Amino acid sequence: MLFKFLISSDVKSSEITPERIYHNRREFIQAGVGFGAVAALGFNIPQAGAETTALKNIIRDGIYDTEEKMTSLRVVSSYNNFYEFGTEKDDPFRNAHSLRPRPWTVKVDGHVENPGNYDLDDLISPHALQERIYRMRCVEAWSMVIPWVGIPLAEIINKLGPTSKAKYIRFETLYDKKQMPGQYRRVIPWPYVEGLRMDEAMNPLTLMAVGLYGETLPNQNGAPLRLVVPWKYGFKGIKSIVRISFVERMPRNSWKIIAPREYGFYANVNPDVDHLRWTQASERRIGEFRRRKTLMFNGYAEEVAHLYSGMNLKKNF
Ligand SMILES: Nc1nc2c(c(=O)[nH]1)N[C@H]1C(S)=C(S)[C@@H](COP(=O)(O)O)O[C@H]1N2
Ligand SMILES: [Mo]
């Protein structure tokens, strides 16, 4: 495994020494050699890890923005959960090179006016990605701040046209053991499934991400498209999506299927509701020593608290 890793492609090595290789890739991109949709745009590629002027200029939408220090690309792309590549935090980084994120087709079905099999570029046009970088906090037992590239999921939903019967949206990850060797073990009933209530999906904070740090998504982060729901715990952020279904009933999401007493459907970041086995009142921000207090809805209460008014969040965890 280690050997494989050492001899793998240029894309892979960019995750080992991001700063230097990034620089090289940037020149590549400027020379017109694209690395997928984002790069092909000739994006203003920021240097990895640094809070560059370029990046500051790209971030436009105030509600997404945070002044907080971003987590380095090296960490963001080497400390992941992605069980399709193994259950250890460094497995995705070591193993995800077998995923082929292009070409990529997404099946859209259910209660929707425009069902079909969409090529990724038709679902999210490279054009729509121009200058769409959103800095957001993400929380799990650990937390990070990541500058995502993507578009609000609402834009995609509006294009697909769900009917009034669509109350929830359901996502499925690729199921292909050859590309995702972790699927030879049934740690999860594959494929990985996640879902959102339609109003959660339509909230402008909910992103369909295709990149981070101005680059296309590294495989281990869920290439070529993954969900980002910044007021929810990490597992809602389903990776490498191949199917989007508009459904009437609440989807059965993978973690809830495996451990229903520990993981619910909503999974809102909530310091008042502990996980069965650990506190959720505080979190460890990667790169920091001292744990910090976790904020309600991960600090996005103003934008999303109204979605849950009148709901018992201890029951609907
Ligand atoms: N398909 C799939 N998506 C997934 C997972 C997974 O195992 N498979 N893990 C989830 C969990 S538990 C977390 S914490 C986040 C991690 O995302 P990151 O790599 O961006 O940190 O991905 C989520 N999405
Ligand atoms: Mo997670």
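Definitions and limits used
Residues numbered from 1 in each chain as written. Chains lettered and ligands numbered in written order. Predicted model: local features only at pLDDT ≥ 70, side-chain atom pairs only at ≥ 80, totals over all residues. Heavy atoms only, no water. Phe/Tyr/Trp six-rings, centres within 6.5 Å; stacked < 30°, edge-to-face > 60°. Helix = DSSP H or I, 4+ residues; strand = E, 2+ residues; numbered from the N terminus. Buried < 20%, exposed > 50% of the residue type's maximum accessible area, 1.4 Å probe, protein only. Lys NZ or Arg CZ within 6 Å of the ring centre and 35° of its normal. Pairing = 2+ DSSP bridges. Axes fitted to C-alpha atoms, helices over the stretch in contact; angles between N-to-C directions. Near = heavy atom within 4 Å. Polar contact = N/O pair within 3.5 Å; in protein donor to acceptor, adjacent residues only side chain to side chain. Areas by Shrake-Rupley, 256 points an atom, 1.4 Å probe, with all protein chains shown as cover. Nonpolar A, V, L, I, M, F, W, Y, C, P; charged D, E, K, R; others polar. Arc of directions from axis to C-beta. Contact = heavy atoms within 4.5 Å. Salt bridge = Lys/Arg side-chain N within 4 Å of Asp/Glu carboxyl O.

Looking at the packing of aromatic side chains
Within this structure, the stated rule accounts for 10 aromatic pairs. When the ring of phenylalanine 235 is compared with that of tryptophan 255, the centres are 6.4 Å apart and the planes differ by 55°; the resulting orientation is tilted. One end of the pair, phenylalanine 235, is in the loop between β9 (226-228) and β10 (241-247); the other, tryptophan 255, is in helix α11 (residues 254-258), and 20 residues separate them in sequence. Their ring planes at 90° and their centres at 5.3 Å tell us that phenylalanine 265 and tyrosine 266 sit as a pair that is edge-to-face. For the pair formed by phenylalanine 265 and tyrosine 266, the shared burial category is buried. Among the aromatic residues, ring-to-ring pairing joins Tyr168, Phe265, Tyr266, Phe297 and Tyr308 into one connected group. Between lysine 236 and the ring centre of phenylalanine 265, over which it is positioned, the NZ or CZ distance is 4.1 Å.

Overview of the sheet that holds strand β6 (residues 193-197)
If you walk across this open sheet you meet the 5 strands as β2-β1-β10-β5-β6, and the pairing is mixed. Both outer strands of the open sheet, β2 (116-119) and β6, are each paired with one neighbouring strand and no more. Averaged over all pairs of adjacent strands, the angle between strand axes in this sheet comes to 20°, irrespective of strand direction. Two elements, strand β1 (residues 105-110) and β2, share 4 bridges in a ladder whose sense is antiparallel. Each bridged residue has a counterpart across the sheet, and for valine 108 the counterpart in β2 is glycine 116.

With respect to the site of ligand 1
Ligand 1 sits among 17 residues. The nearest are Asn80, Tyr83, Glu84, Gly237 and Lys239. One of the backbone nitrogen or oxygen atoms of asparagine 81 is found 3.4 Å away from a nitrogen atom of ligand 1. Glutamate 84 has a polar side-chain atom sitting 2.7 Å from a nitrogen atom of ligand 1. A total of 540 Å² of accessible area belongs to ligand 1 in isolation, and the protein chains cover 96% of it. Its residues placed into classes, the shell around ligand 1 shows 6 nonpolar, 7 polar and 4 charged.

Regarding helix α9 (residues 153-160)
For α9, the complete set of buried residues consists of Leu153, Ala154, Ile156, Ile157 and Leu160. The buried residues of α9 all sit within an arc of 160° when viewed along its axis, so they share a single face.

Considerations on the side chain of histidine 275
For histidine 275, the position within the fold is in the loop between α11 and β11 (282-285). Overall, the relative accessible area of 7% leaves histidine 275 in the buried class. Residues within four places of histidine 275 in sequence aside, it is in contact with Glu262, Tyr263 and Gln280.

A word on the pattern of salt bridges
The final tally for this structure, using the stated rule, is 14 salt bridges. The closest approach of N and O atoms between arginine 243 and aspartate 109, which form a salt bridge, is 2.7 Å. Placement of arginine 243 in strand β10 and of aspartate 109 in strand β1 is noted, with a sequence separation of 134 residues between them. Residue class for arginine 243 comes out partly exposed when judged on its relative accessible area of 25%. With a closest N to O distance of 2.7 Å, glutamate 194 and lysine 236 form a salt bridge. With glutamate 194 in strand β6 and lysine 236 in the loop between β9 and β10, this residue pair connects regions lying 42 residues apart in the sequence.

A closer look at the environment of histidine 306
Note that histidine 306 resides in the segment after α12 (301-304). Note on histidine 306: relative accessible area 52%, which makes it exposed. At 3.1 Å, the side chain of histidine 306 forms a polar contact with the backbone oxygen of glutamate 303.

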